[in-house]
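# Close look at the chain arrangement
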Amino acid sequence: MKLYGRNTSINVQKAAWVMGEAELNWEWVDKEGGVGTIDSPQYRKINPAAKIPTLDDNGLLVRQSNTIVRYVARKYAPQLIPRDDSAWVEAERWMEWQNSDNRVPLTKVFWTLIRTPENKRDMEELSSVISALNDDFSILDKYLGNRKYIAGEEFSIGDIPPGAAAYRYLSLPIERPVLTNLQNWYQKLVERPKFKEMVMIPLA
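Further remarks concern helix α3 (residues 65-76). Taking 1.5 Å of rise per residue, the 12 residues of α3 would be expected to cover 16 Å, and the 16 Å separating its terminal C-alpha atoms lies within 8% of that figure. Within the span of α3, buried status applies to S65, N66, I68, V69, Y71, V72 and A73. On its buried side, α3 packs onto α1 (10-21), β3 (54-57), β4 (60-63), α4 (85-115) and α6 (160-171).

Structure representation (structure tokens):
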């Protein structure tokens, strides 16, 4: 089993986290790499888009981070998939929230503050996007008001993509509203050894 992609990528972190929760052993290719280092003719043979991550499970190539999360849970850690229909729906909903609604503003703020030189930042746009990002996490905060985890009382795949996003959000040098429910949920994630190991990596 091989996982391709640098450990500072949020998408790779999601895949690595679920693999860690499943207690798998794997070869991590380009773990310490930089942005774009995996873009090579060799890698394009297994992922023509040259995107990360890719999971190679004994010849079966699994691409797209949330697909990897679902695949690993389905095959190796079924306890992470909610059995109740309503819990499953919420897990799936928030996985998709991370990869659609939340991804755009989070990525914009991250790239502006972490990877763009200060003299090239559009501060007016940044202020607007930060406001949208805070609104986005406020929605999650409200949802978590009467829940221990995303799908209910048990940790599940539904916590993995939003959890990786929450680490990035809470690590950014921005002003945030008081989000007590989000913080309470996040602290439960921090207590998980694989979250600390696979996700809590300095932003780069």
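All right, on to the sheet that holds β4 then. Ordered in space as β2-β1-β3-β4, the 4 strands form an open sheet in which the pairing is mixed. Among the strands making up the open sheet, the edge pair consists of β2 (27-29) and β4. If you compare each strand with its neighbour and ignore which way they point, the axes differ by 20 degrees on average. The sheet contact formed by strand β1 (residues 2-4) and β2 spans 3 bridges and is parallel. Its bridge partner lying in β2, L3 is registered against W28. In the packing of α1 onto the sheet, the strands contacted are β1, β2 and β3, and the crossing angle to β1 comes to about 160 degrees.

Across all of its chains, the model carries 6 salt bridges by this definition. R70 is the salt-bridge partner of E92, the closest N and O atoms lying 2.8 Å from each other. Within this pair, whereas E92 is found in helix α4, its partner R70 is found in helix α3, the two being separated by 22 residues in sequence. A relative accessible area of 17% places E92 in the buried class. Sharing partners across several salt bridges, the network here consists of R70, E92 and E96.

Right, let's talk about helix α5 (residues 123-143) for a bit. With 21 residues, α5 extends 30 Å between its outermost C-alpha atoms, agreeing within 8% with the 30 Å of an ideal straight helix rising 1.5 Å per residue. Turning to α5, its buried residues number three or more, namely L126, V129, I130, L133, N134, D136, F137, L140, D141 and Y143. Contacts from the buried residues of α5 go to α4, α6 and α7 (180-190). The opening residue of α5 is D122, an N-cap whose side-chain oxygen sits 3.3 Å from the backbone nitrogen of E124.

The tendency in soluble globular proteins is for nonpolar side chains to be buried side by side. Counting residues in each nonpolar core, the largest one holds 63 residues, and the members touching the most others are F137 and L140. Beyond its immediate sequence surroundings of up to four residues, F137 is in contact with W97, N102, A165, A166, Y169, L179 and L182.

What follows covers the pairing of β3. Residue alternation in β3 divides its side chains into two sets, T54 and D56 and L55 and D57, and both sets are buried. In terms of strand pairing, β1 meets β3 through 3 bridges, oriented antiparallel. Looking across to β3, one finds that K2 is bridged to D56. The loop that links β3 with its antiparallel partner β4 comprises 2 residues; one of these, N58, has a positive phi angle of about 55 degrees.

Calculation rules
Residues numbered from 1 in each chain as written. Predicted model: local features only at pLDDT ≥ 70, side-chain atom pairs only at ≥ 80, totals over all residues. Heavy atoms only, no water. Helix = DSSP H or I, 4+ residues; strand = E, 2+ residues; numbered from the N terminus. Expected span 1.5 Å × (residues − 1). Buried < 20%, exposed > 50% of the residue type's maximum accessible area, 1.4 Å probe, protein only. Contact = heavy atoms within 4.5 Å. Pairing = 2+ DSSP bridges. Axes fitted to C-alpha atoms, helices over the stretch in contact; angles between N-to-C directions. Salt bridge = Lys/Arg side-chain N within 4 Å of Asp/Glu carboxyl O. Polar contact = N/O pair within 3.5 Å; in protein donor to acceptor, adjacent residues only side chain to side chain. Core = buried A, V, L, I, M, F, W, Y, C linked by side-chain atoms within 4.5 Å.

It is worth stressing that arrangement in space is one thing and function is another; only the former is reported here.
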